[in-house]
Amino acid sequence: MPFVFQQPPLKASRALYDGPKDRATVYIMESSGGMVAGDRNDITITIGKDANVTMIQQSALKIYPSPNEKVCVQEIVVKVGEHARLEWMPEVIIPFREARFEMSTTIEMCSTSTLIWGEIIAPGREKRGEIFDFESFRSKLSLHMDGQLIALDSLSLKPGEMNLQAIGMLENAQYIGSIWVVSPNVQTLDVREIQQTFLNHSSVKVAITRLDRNAIHCRFLSEEQWEM
Amino acid sequence: MKQLKNDSSNHLNTVDIHINSTFLHLLQIHDSAFPIGNYTHSYGMETFIQENRIHTKEHLLEFCKTFLKHNLAYGDAIFIQEAYKETEKRDMNALLSLDELCGAVKLAKESREASINVGKQFMRTILPLHEYPLLSDWQAHIKSGKAKGHYAIVFGIFCSLNNFDRDQAVMLHLYSTINGLIQNAVRAVPFGQNTGVQVLHELLECISEVANSVRGLTVQDISNNALHIELASMKHEYLFSRLFIS
């Protein structure tokens with residue numbers, strides 16, 4: 001890892017080589033324990049040509065209540081270079097009661113690069129009955145390939161102002177999961193078969209779809225985190 | 001001409017509908033006989049129907065409300081409004097990026113293709129009616145691949161070029177899309193014609209409220225919270241038998 005610029009409470013581990021050969025694993029740590037009213041996290045990741053990287057968040061991202069009405073903001077910008085590969089393991093984002101959170105993720109790919117990106121949003125600390133008690137949750141993920149915008153996943157949840165249980169909304173689901181797969185080899189994947197496997201094996205509601213260019217998006221809606 | 005422009009910039013003036021052919025033309029492009037193929041798309045509703053999740057009038061009403069308030073309002077309605085404004089400024093680059101964004105938010109492959117196909121049909125139908133240089137340019141961009149030709153964008157461009165009232169155009173678009181969905185549900189579930197009429201009637205207030213709220217929204221507000229409808233659109237292509245293309 002040639003350059004690391006960091007400022008507490010955010011910290012990146014050094015590159016660990018414990019998996020397959022030539023694959024660097026980097027942990028992103030957040031030493032404060034969570035984001036509090038008005039906090040801001042900025043993460044910029046640049047994956048150089050031919051690099052193979054797995055990034056792992058050390059723990060769930062907890063968003064504490066915002067009694068002062070200030071919004072916590074997280075902005076992630078990722079660039080994946082030619083023939084490079086990035087895997088981002090999902091850790092759950094947990095907005096607590098009265099939390100206000102805004103996150104924006106911008107991913108720039110080349111047609112030769114590979115990406116596996118995951119994300120899970122929790123309704124709150126569900127096991128203690130804190131379910132959709134947050135104020136607002138805004139999330140935008142945009143995926144670009146060679147400068148072209150190929151996907152924008154934009155959510156704006158305000159449980160106090162909308163009926164999330166209505167038909168067509170989240171209904172009984174409490175957890176929202178997404179996986180994005182971008183790869184020059186994506187065309188060879190049989191998405192119909194993957195969809196079929198989901199239908200047979202899972203109580204989680206799942207669907208998979210092809211995006212423009214060589215990308216696939218998969219959405220999970222689940223009542224339980226564990227099942228997902 | 002100036003008078004006409006002033007008249008047509010009145011906001012949602014449903015009480016005082018102007019007696020002129022411009023308004024009739026706006027009605028004409030929303031008529032169910034206008035051949036853009038809306039009746040062939042269910043936008044994910046068919047998955048709900050096959051999973052037996054829409055079988056009462058109340059289910060249909062709730063589904064339409066979600067689609068209206070969380071999909072259309074924060075999606076195509078904003079795109080129409082923005083395309084209308086950018087056409088007034090004759091900003092071709094802004095229109096091209098709107099078209100790109102319009103495809104990017106439609107994550108489900110079939111929703112994206114439906115939007116392009118309806119746009120294509122709309123373009124084919126209106127081109128012989130008018131001679132607008134901007135529309136010919138847009139057609140050229142679609143042919144060269146610079147634009148995909150999403151319906152909401154070409155619809156916004158067309159409404160602006162014709163000086164249709166912007167808010168009325170958005171409202172009528174919401175109305176005709178919801179009407180199309182209800183008619184498709186009447187055929188596919190099936191429901192009686194009267195059920196369809198009653199559901200649409202119960203939604204009229206909601207449609208005009210949503211149209212009103214869209215006026216304050218911009219591209220920054222684009223979102224899609226109707227996640228189960230999106231999931232259904234994604235699953236639609238894998239259904240065993242299908243009445244609708246999307």
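Rules used in this analysis
- Residues numbered from 1 in each chain as written.
- Chains lettered and ligands numbered in written order.
- Predicted model: local features only at pLDDT ≥ 70, side-chain atom pairs only at ≥ 80, totals over all residues.
- Heavy atoms only, no water.
- Pairing = 2+ DSSP bridges.
- Helix = DSSP H or I, 4+ residues; strand = E, 2+ residues; numbered from the N terminus.
- Axes fitted to C-alpha atoms, helices over the stretch in contact; angles between N-to-C directions.
- Polar contact = N/O pair within 3.5 Å; in protein donor to acceptor, adjacent residues only side chain to side chain.
- Parallel < 35°, antiparallel > 145°, perpendicular 65-115°, else oblique.
- Left-handed = near helix turned anticlockwise from the far one by under 90°.
- Contact = heavy atoms within 4.5 Å.
- Core = buried A, V, L, I, M, F, W, Y, C linked by side-chain atoms within 4.5 Å.
- Buried < 20%, exposed > 50% of the residue type's maximum accessible area, 1.4 Å probe, protein only.
- 1 Å grid on protein atoms, 1.4 Å probe; cavity = no way out; pocket = protein on both sides within 12 Å on 5 of 7 lines; lining within 4 Å.
- Points joined across faces, edges and corners; volume = space filled by probe spheres on them.
- Buried area = accessible area lost by both parts, 1.4 Å probe.
- Salt bridge = Lys/Arg side-chain N within 4 Å of Asp/Glu carboxyl O.
- Expected span 1.5 Å × (residues − 1).
- Arc of directions from axis to C-beta.

This part takes up the sheet that holds strand β11 (residues 136-145) of chain A. Residue and element names in this part refer to chain A. Taken in spatial order, the five strands line up as β3-β6-β9-β11-β12 in an open sheet, and their pairing is mixed. Each edge of the open sheet carries a strand with a single partner, namely β3 (40-47) and β12 (148-157). The mean inter-strand angle of the sheet, taken between neighbouring strand axes irrespective of direction, is 5 degrees. Taken together, the eight bridges between strand β6 (residues 72-80) and strand β9 (residues 100-109) define a ladder with parallel strand orientation.

What follows concerns the side chain of Thr125(B). Position of Thr125(B) relative to the elements: it lies in helix α7 (residues 109-126). Reaching out from Thr125(B), the side chain makes a polar contact with the backbone oxygen of Gln121(B) at a distance of 2.6 Å.

What follows deals with the packing of helix α2 (residues 21-28) of chain B against helix α10 (residues 166-188) of chain B. Residue and element names in this part refer to chain B. Between α2 and α10, the shortest axis-to-axis distance is 10 Å and the interhelical angle comes to 25 degrees. Relative to α10, α2 is oriented roughly parallel. Helix-helix and strand crossings are classified by hand; for α2 and α10 the assignment is right-handed. In this structure, α2 contributes Phe23, Leu26 and Leu27 to the contact, and α10 contributes Gln168, Ala169 and Leu172.

In this section: the nonpolar core. General note: in soluble globular proteins, nonpolar side chains tend to be found buried as a group. Residues Phe122(B), Trp138(B) and Ile178(B) are the most contacted members of the largest nonpolar core, which totals 80 residues. With 11 residues, α10(B) is the single largest residue contributor to this core. With residues near it in sequence (within four places) discarded, Trp138(B) still touches Met92(B), Leu95(B), Leu96(B), Asp99(B), Met123(B), Ala147(B), Gly149(B), Ile153(B), Val154(B) and Ile157(B). Counting 30 residues, the second-largest nonpolar core is a separate cluster that includes Leu10(A), Val26(A), Leu115(A) and Trp117(A).

Bringing empty space enclosed by the protein into the picture now. Within this structure, the stated rule accounts for four cavities of 30 Å³ or more. Estimates place the volume of the largest cavity at around 440 Å³. Looking at the largest cavity, it is lined by 29 residues, and the ones nearest its centre are Phe67(B), Asn71(B), Asp76(B), Lys106(B) and Ser111(B). Of all elements in the fold, only β12 of chain A together with α4 (57-72), α7, α10 and α12 (227-236) of chain B reach the threshold of two or more residues within the lining of the largest cavity. Residue contributions to the lining of the largest cavity peak at four residues, all from α7(B).

The next subject is unusual backbone geometry. Note the cis peptide between Pro8(A) and Pro9(A), where omega equals 5 degrees. Mapped onto the elements of the fold, Pro9(A) is located in the segment before β1 (10-12). Cis rather than trans, the peptide bond between Val189(B) and Pro190(B) has omega equal to -10 degrees. For Asp22(A), which is not glycine, the phi dihedral falls at a positive 65 degrees.

On to the environment of Tyr74(B), then. Residue and element names in this part refer to chain B. Turning to its location among the elements, tyrosine 74 is positioned in the loop between α4 and α5 (76-88). Residue class for tyrosine 74 comes out partly exposed when judged on its relative accessible area of 29%. The contacts of tyrosine 74, once residues within four sequence positions are left out, are Lys69, Leu217, Asp221, Ile222 and Ser223.

Another aspect to go through is the interface of chain A and chain B. In this complex, chain A contributes 37 residues to the contact, which on the side of chain B involves 32 residues. Of the roughly 3000 Å² buried at the junction of chain A and chain B (both faces included), carbon and sulfur atoms supply 60%. Per-residue buried area on chain A facing chain B is highest for Leu152(A), Ile167(A) and Met169(A); these three make up 21% of the total on that side. Counting across the chain A and chain B interface gives four salt bridges. Between chain A and chain B we count 21 residue pairs in polar contact (both at pLDDT 80 or more) in total. Put simply, the parts of the chain that give the side of chain A that touches chain B at least two residues each are β11, β12, β13 (175-182), α1 (191-201), β14 (205-211) and β15 (215-222) of chain A. It is β12(A) that provides the largest number of residues to the side of chain A that touches chain B, a total of 10 residues.

Residues and elements named next belong to chain B. In a regular helix each residue adds 1.5 Å, so 12 residues correspond to 16 Å; helix α8 (residues 133-144) covers 17 Å between its end C-alpha atoms and thus fits that length. All of the buried residues in α8 are Leu134, Leu135, Trp138 and His141. The buried residues of α8 occupy an angular sector of 115 degrees when projected down its axis, which confines them to one face. Across from the buried face of α8, at angles greater than 90 degrees, the exposed residues are Pro133, Lys143 and Ser144. On its buried face, α8 is in contact with α5, α6 (92-105), α7 and α9 (151-161). Once α8 finishes, glycine 145 follows within two positions and takes phi at roughly 90 degrees, a positive value.

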